[in-house]
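A closer look at the structure
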Amino acid sequence: MAADLRQSFPVEGMTCASCVRRVETAIRKVPGVSAANVNLASETAEVTFETSVDPAPVIEAIHKAGYEVQTTLRDFDIEGMTCASCVRRVETAIAAVPGVIAANVNLATERASVRAIAGVPNSAIAAAVHKAGYEARAPQLSTTGDARAEIREQEMRRLKRDLILAAVLTLPVFVLEMGAHLFPAFHHWLAMTVGQQAVFVLCFVLASIVQFGPGLRFYAKGIPALFRLAPDMNSLVVLGTGAAWGYSTVATFLPSLLPAGTRNVYFESAAVIVTLILFGRYLEARAKGRTSEAIKRLMGLQAKSARVERNGQFVDVPMDAVQEGDIVQVRPGERIPVDGLVTEGQSFVDESMISGEPVPVAKAAGSELVGGTVNKAGSLTYRATKVGADTVLSQIIRMVEMAQGSKLPIQALVDRVTAWFVPAVMAAAVLTFLVWLVFGPEPALSFALVNAVAVLIIACPCAMGLATPTSIMVGTGRAAELGILFRNGDGLQTLRDTQVVAVDKTGTLTAGRPELTDFEVTEGFERADVLALVAAVEARSEHPVAEAIVAAARQEGISPAAASDFAAEAGYGVSATVNGRTVAIGADRYMAKLGLDVAPFAEKARAMGEKARTPLYAAVDGRLAAVIAVADPIKPMTPEAIRALHGMGLTVAMITGDNRRTAEAIARELGIDEVVAEVLPGGKVDVVRRLGEGGRVVTFVGDGINDAPALAEAAVGIAIGTGTDIAIESADVVLMSGDLLGVSRAIALSKATIRNISENLFWAFAYNVILIPVAAGVLYPLTGTTLSPMLAAGAMALSSIFVLGNAMRLKRFRG
């Protein structure tokens, strides 16, 4: 028994005996641990548990002690799941494997995401899944997106084939049985010409082929589940259709075994139920295929091959043959295969898949290229910097897959219900049978059988299992199309509760780099001449303001001339000689020192101050020549984004290290509600905490580089990506385009997705709460009606289709 309660942990970071002691001490303090033995040579910790193995608190204790346990996140394709109870069983089986920290199984994607200690073999996880009655494909054997699609397509073809066969064989059974009930003349004709027994035998043959041909898939999964005392949806179908078929078979060939007046056959129910459930699963499979269209589209952006330099010549090679550092050539109209930096050529590249902007971006030597974007005009040669799983597109696909496979906190309710749902339905069916058998009208046995079968068939954990994951898949897929990447389910659910949006100023509200915003000259000077002189002087300086002025001059086609006698006076400004002319640039106090009056620009300077721009002045040959302002400009879409957040009833707060006067000027211009200024780089976390006082839910928006602590501290962290910098670990949501409007879109999409999930769950639960009692016959004393098992099967199929169809509405989300 002791061996079963031991777990080995690979520990990283130990260097000496004191490290060993610290790790052992930390582990022994964990509740439930009876012993810990750490080996420095093998870098492992052997831990013995008292009652059950729980690696998570041990890993946390080792982490707090300053060391790490190497863990891996692995994906498995799971075959054979049909309902929410299947998901629960697979998760339980995987979680029981020693060394597994957490397991998350998604019915819609048919995948399991497993966090386990390094060294736990995939075969152990696959074996546990197999023992539970399902099949798992280990990561190294897992298929690509195209191959997975092909497997699903094959299953669709098998379902379609079985459905057609079942429908063709069921139709005559349905006509013979129901026609005889509905039309007495038809019943009389059959009895006189064919004979009742012959009709029963014919129906037996056709229904048996349906039951053990197309319907065999239910038996293959449902009966082993019953033997394991872990019944699932297949088990309910087997019990329901098997009972109807078995009773009818006895009534056909051994009628003397049944009480008088109870010789009824239900072959049509058994056959129609199988056909309807197959039809529902076929529609369900088609709908599930459509929910993952976003992933398919993203994968479709990947190039199939690359033109790479080999031995001095460019040759086409498969994508997996491209290596970091390779020289790649892209011709006009081709898709860029991997990320890299341009070395030769000029062109325009369509980067709409990253930025959402339809206008192609100019590329030249030194420009970044992103794999999956399209080269529009010229030929480009570039050096590959990221290949395979490291490319931006691969990271985007991985993020979307992880988001689609994640669970929301709301799913915990579904998991608790489905844990007992199928056994409860079986108990309800047994109770229904006994009540009708004891208290029902004659023939009581027939009524008892029909209503018990209806209860078994109408119960549908499928809808409950699909309610959450399908909405997540469609919602996060639509988000990716809009340039919004959700990294986890918690962020998706929590974002809709946002009350305060805290925004970092630099790089989020503003462009993040200084630009020349104002340049006005006095009478007697030409703007271009003065700008050329000022740029020539500033070209000697490395100050960000100087760089902005030089950049503006170059954009206007002005190449700065050489400056001599350059001098800088701290706190005042700079001066130099350009083409024999003396040029001085600085603040108003520098002009005063030079004996120049800046009053002609007083009104302009005041207007600049209201916009948080500090004016600078330029003097040429002792005369005041120009007033200049350089500022970090507000992004064009920022005002609209702030209005959109206000339109949602949210409070917007700005966090900045700027002085209060500058910060309040920007806040007035944008209509921001709260301003927290003069914040030191490490103080943003405290500000986020303060904004969250009183239970307010705070979403922090930052550029994802310097804002990692604040992104992690907020209820939801939204990182503004830069197009290539998207793998930001601290954020819950990443906006690829850098457009702040994405924040309001993300919140609106979160609200829409959670609302969609709530609708799905309401339908799934309400359906069962209302229709299971109806199937049991509660309406019979009032109306004299019962629910046919065939109608129950149709209703069950429709419940899943309704949930899937409702989730698909998210594809139309516009924001």
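See above for the structure.
Residues numbered from 1 in each chain as written. Predicted model: local features only at pLDDT ≥ 70, side-chain atom pairs only at ≥ 80, totals over all residues. Heavy atoms only, no water.

Another aspect to go through is the sheet that holds strand β12 (residues 339-344). Backbone-to-backbone hydrogen bonds pair the strands of a sheet. The strands run either parallel or antiparallel. Reading across the sheet, the six strands line up as β10-β9-β11-β17-β12-β15 and stay open at both edges, with antiparallel pairing between neighbours. Two strands in the sheet have a free side with no partner beyond their single neighbour: β10 (313-318) and β15 (368-369). In this sheet, β10 lies alongside strand β9 (residues 305-310) in antiparallel orientation, the contact comprising six bridges. Bridging from a neighbouring strand, Arg-310 pairs with Gln-313 of β10. (Pairing = 2+ DSSP bridges. Helix = DSSP H or I, 4+ residues; strand = E, 2+ residues; numbered from the N terminus.)

Moving on, we come to the sheet that holds strand β24 (residues 615-620). In spatial order, the strands read β20-β25-β24-β23-β22-β21; together these six strands make up an open sheet with antiparallel pairing. Edge positions in the sheet fall to β20 (515-521) and β21 (563-569), since each of these pairs with one other strand and no more. Strand-to-strand, the axes of this sheet are offset by a mean angle of 20°, without reference to chain direction. As defined by bridge partners, β21 adjoins strand β22 (residues 573-578) across five bridges and the pair is classed as antiparallel. Opposite Ala-563, over in β22, you have Val-578 as the bridge partner. (Axes fitted to C-alpha atoms, helices over the stretch in contact; angles between N-to-C directions.)

A few words now on the packing of aromatic side chains. Applying the stated criterion across every chain yields a total of 12 aromatic pairs. Plain terms: the ring middles of Phe-601 and Tyr-617 are 6.4 Å apart, the flat faces sit at 40° to each other, and that makes the pair tilted. Of this pair, Phe-601 sits in the loop between α21 (588-593) and α22 (602-610) while Tyr-617 sits in strand β24, and the two are 16 residues apart along the sequence. An identical accessibility class is assigned to Phe-601 and Tyr-617; each is buried. One aromatic cluster is present, formed by Phe-204, Phe-212, Tyr-219, Trp-245, Phe-253 and Phe-267 through successive ring pairs. (Phe/Tyr/Trp six-rings, centres within 6.5 Å; stacked < 30°, edge-to-face > 60°. Buried < 20%, exposed > 50% of the residue type's maximum accessible area, 1.4 Å probe, protein only.)

Here we come to unusual backbone geometry. A cis amide bond links Glu-442 to the next residue, Pro-443, at an omega of -10°. In this fold, Pro-443 is placed in the loop between α14 (411-439) and α15 (444-458). Look at Asp-565: it is not a glycine, yet its phi comes out positive at around 55°. By the element assignment, Asp-565 lies in strand β21. With relative accessibility at 61%, the residue Asp-565 sits in the exposed group. You will see that Asn-579, though not glycine, has its phi angle at about 50°, which is positive. Of note, Asn-579 is situated in the loop between β22 and β23 (581-586).

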